[in-house]
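Structural overview for review
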Amino acid sequence: MSISKKGTRAPLWLLLPAAVVLGGLFLYPMYQLGLLSVLDFTQAQVSGGRPASFVGAENYTRLFADPQFWSVLGATVLFAAACVVATLAVGAGLAVLLTRISRVPRLLLSVAAMAAWAVPAVSGSTTWMFLFDTDLGFVNQLFGIEGFNWMYDRYTAFALVGAVVVWASFPFVMVTLYAGIEAIPKSVLEAASLDGANAWRAFWQIMVPILRPVLAIVVIQSIIWDFKVFTQIYVMTRGGGLAGQNLTLNVYAYQQAFASSEYSRGAAIGVVMMLILLAVTVLYLRTLRRSGEQL
Amino acid sequence: MRAGRRLLDTMAVLIALVTVFPIYWMVLSAVKPAGEIQSLEQRPWTFHPSLDAFHRVLAVNDFGRYLLNSVLVALVVVLVSGLLAFLAAVALTRFNFRFRTTILVSFLIAQMVPIEALTIPLFFLVRDVGTVVPGIGLNTLGSLMLVHTAFTLPFAIWMLRGFVQAIPDELDEAAQLDGAGRFTVLWRILFPLVAPGLAAVSVFSFIHAWNDFLFARTFIISEADNQTLPMALLVFFKPDENDWGAIMAASTLMTVPVLIFFLVVRRRLVAGLGGAVKD
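Analysis parameters
Every residue gets a number counted from 1 within its own chain, in the order that chain's sequence is written. The order in which chains are written sets their letters, starting at A; the order in which ligands are written sets their numbers, starting at 1. It should be noted that, the model being predicted, local features are given only for residues of pLDDT at least 70 and side-chain atom pairs only at 80 or more, the latter also being counted only at that level, while totals for whole chains, interfaces and linings use all residues. Helical segments are the DSSP runs of H or I of at least four residues, strand segments are the runs of E of at least two, and each set is numbered from the N terminus. Partly exposed residues are those falling between the two cut-offs: more than 12 but fewer than 20 other C-beta atoms within 10 Å of their own, whereas 20 or more means buried and 12 or fewer means exposed, with C-beta atoms placed from the backbone. C-beta atoms are placed from the backbone for every residue, and two residues are taken to be in contact when these atoms lie within 7 Å. Amino acid classes used here: Ala, Val, Leu, Ile, Met, Phe, Trp, Tyr, Cys and Pro are nonpolar; Asp, Glu, Lys and Arg are charged; the rest, including Gly, are polar. Convention adopted: a line fitted to C-alpha atoms gives each axis, helices being fitted over their contacting stretch, and angles between N-to-C directions are expressed from 0 to 180 degrees. Oblique is the label for any angle not under 35 degrees, not over 145, and not in the 65 to 115 range, which are roughly parallel, roughly antiparallel and roughly perpendicular in turn. Here is the rule for handedness: rotate from the far helix to the near one, and if that takes an anticlockwise turn smaller than a right angle the crossing is left-handed, while a clockwise turn gives right-handed. Take the residue count of a helix, subtract one, and multiply by 1.5 Å to get its expected span. To get the bend at a residue, fit one axis to the 7 residues ending there and another to the 7 starting there, then take the angle between the axes. As used throughout, a nonpolar core is a set of buried Ala, Val, Leu, Ile, Met, Phe, Trp, Tyr and Cys residues joined through C-beta atoms within 7 Å of each other. Domain ranges listed in this record stem from an automatic or a database domain assignment.

Here we look at the overall build of chain B
For chain B, the count of helices and strands is 13 helices and 0 strands. The helix and strand sequence of chain B, counted from the amino end, reads α-α-α-α-α-α-α-α-α-α-α-α-α. Each of the three principal axes of chain B carries a C-alpha extent, and together these read 75 × 70 × 30 Å. Taking all 279 residues of chain B together, the buried fraction comes to 46%. Taking contacts inside chain B between residues at least 6 apart in sequence as the whole, the part at least 24 apart equals 74%.

Considering the interface of chain B and chain A
At the junction of the two partners, chain B supplies 79 residues and chain A supplies 74 residues. When the residues that make up the side of chain B that touches chain A are grouped by side-chain class, the tally is 55 nonpolar, 14 polar and 10 charged.

A look at the packing of helix H13 (residues 249-258) of chain A against helix H14 (residues 263-290) of chain A
All names here are of chain A. At their nearest, the axes of H13 and H14 sit 7 Å apart, and the two run at 160° to each other. Considering their axes alone, H13 and H14 lie roughly antiparallel with respect to each other. Where H13 crosses over H14, the two elements pack in a sense that is left-handed. On H14, the residues touching Leu 249, Asn 250, Tyr 252, Ala 253, Tyr 254, Gln 256 and Ala 257 of H13 are Tyr 263, Arg 265, Gly 266, Ile 269, Gly 270 and Met 273. Tallied by class, residues from the contact of H13 with H14 come to 8 nonpolar, 4 polar and 1 charged.

Observations regarding helix H9 (residues 182-211) of chain B
When the terminal C-alpha atoms of H9(B) are compared, their 37 Å separation across 30 residues is substantially less than the 44 Å that a helix rising 1.5 Å per residue should span. The sharpest bend along H9(B) measures roughly 55° and falls at Ala195(B), with the proline Pro196(B) sitting one to four residues further on.

Considerations on unusual backbone geometry
A positive phi is found at Ala243(A), a non-glycine position, where the angle reads about 50°. Of note, Ala243(A) is situated in the loop between helix H12 (231-236) and H13. One non-glycine residue, Asn139(B), adopts positive backbone phi at about 70°. In this fold, Asn139(B) is placed in the loop between helix H6 (115-132) and helix H7 (141-165). The partly exposed category is assigned to Asn139(B), around which 19 C-beta atoms lie within 10 Å.

Concerning the nonpolar core
Core analysis: the largest hydrophobic core is formed by 170 residues, its most contacted members being Leu177(A), Ala85(B), Ala88(B), Ile157(B), Leu160(B) and Ala250(B). No fewer than three residues from each of domain 1 (1-50) and domain 2 (62-278) of chain B sit in this core.

Comments concerning the domain arrangement of chain B
Residues and elements named next belong to chain B. Partitioning chain B into structural domains gives domain 1 (1-50) and domain 2 (62-278). At 4 residues, helix H1 (residues 2-31) tops the list of elements feeding residues into the side of domain 1 that touches domain 2. The class makeup of the residues in the side of domain 1 that touches domain 2 is 5 nonpolar, 1 polar and 1 charged.

A short note on the packing of H13(A) against H6(B)
Close contact between H13(A) and H6(B) brings their axes to 9 Å; oriented N to C, the two are set at 15°. Judged by the angle between their axes, H13(A) and H6(B) are roughly parallel. In this structure, the crossing between H13(A) and H6(B) has a hand that is left-handed. In this structure, H13(A) contributes Asn250(A), Ala253(A), Tyr254(A) and Ala257(A) to the contact, and H6(B) contributes Glu116(B), Ala117(B), Thr119(B) and Ile120(B). Class assignment for the residues of the contact of H13(A) with H6(B) results in 5 nonpolar, 2 polar and 1 charged.

Next comes the structure, spelled out in structure tokens:
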């Protein structure tokens, strides 16, 4: 705290530009989102023909009475959970693998993972779509299932989108956990192997407890990302799949607002999503606090 | 022991190959001649590479323009958000004031906000602001620069904080004893030392802005000239028959800059991430 003197206004000036941008484009829209969700705001109000009226909780009660909302919410939770579990399993497995292989394969694997990480969501989606295309897809031809459309069935469509999500997000988990494992003193792991612990036990009983704080961050970060997947679903299932079978909350809110002009309903879904993620965030902060981080 | 290691090595190489395979396929399909792309017997190689698809994408569909738009948006976002984040990070590490912790926590929370849900109010905000300031209304690149600056800021500040913290306080104290003003300390002492951190932050901001599909789709509705890559790419999806060659060529064009960027700063990125995760 060296440039600081008591009561100086310097930090205010330094924070001001960021505060203006965040206030205008973050806080204000969040307030507006809440406001929209308690108004009656559809196409008629957008074009200025009719004034928006206050309807209280009506958007929410109608939303909660709609079976589609519950089905989409369930799908979102299951899809996110499956993606998180798969991403963590692959990422953690490969992180451990990285510690046990020679230099060249290690370099190859980490460069490959970095490359997958770098691919923009849109190009990743289009590439996988081509790979799994009904007739021209390499995968269908390889396995002799030409004519099979992965997007017709709700579950195969979700599985394919999930695969793209995992492919793009396991590198973050792998790299972070690998860095964490490398930071564990070699002597600890050596002592364990001298005591006869195999790789499986060494992982669960030594690495996992030491890496708990890093693991917590990786888990929560993955939950938040996978809950919000938008581009892959929007591009690969063409905005939510046949009859909306592949909608998740995010895409659902977007489609309600911009495709059906039900802006208030979209905003209400957005608020629900925000509250769910807020709960996850609180959990995240408590974990950080417990692992003794200083803010 | 030796055999076990060889087995693991082989496994790692195989996994690496599977991981890059989609990228290989993308680039390969971009240079395959049209006949091989529409073939019912796709081969994982080609003996007749052609730049037809790239020609179709760049010359016929004016993709160069969208590429330029994307670069422009990403660069402005990197510069502005980097600068604002640097100032804010200094304020949050070098000074102690009321609400400091509150502000920090709010940056953390801001990262969790589903920005997709904010498209709805932001759409109206941008529309209304556009009637007053035409440069940042709907259909402008300015609107994209603005929202991406805002959305990259919380993470950039959070990450840069770790880098500023790592610079010993004694350094600015010594400079101040030598008569340097606050401004000099900020630009001559702290800024150069944080530069590596700024590079890592820039990569994240760049990628965030470059990859954005959502806002490009929402804000740029009628002005085709101001589209960015992700939206322009979807033009090649047609109801009757997708132009896969062009889609893969366009995807390649969109991927290559980020890929190079990522691989070049690989080490630094990991270090930066470690810093962000640890702090």
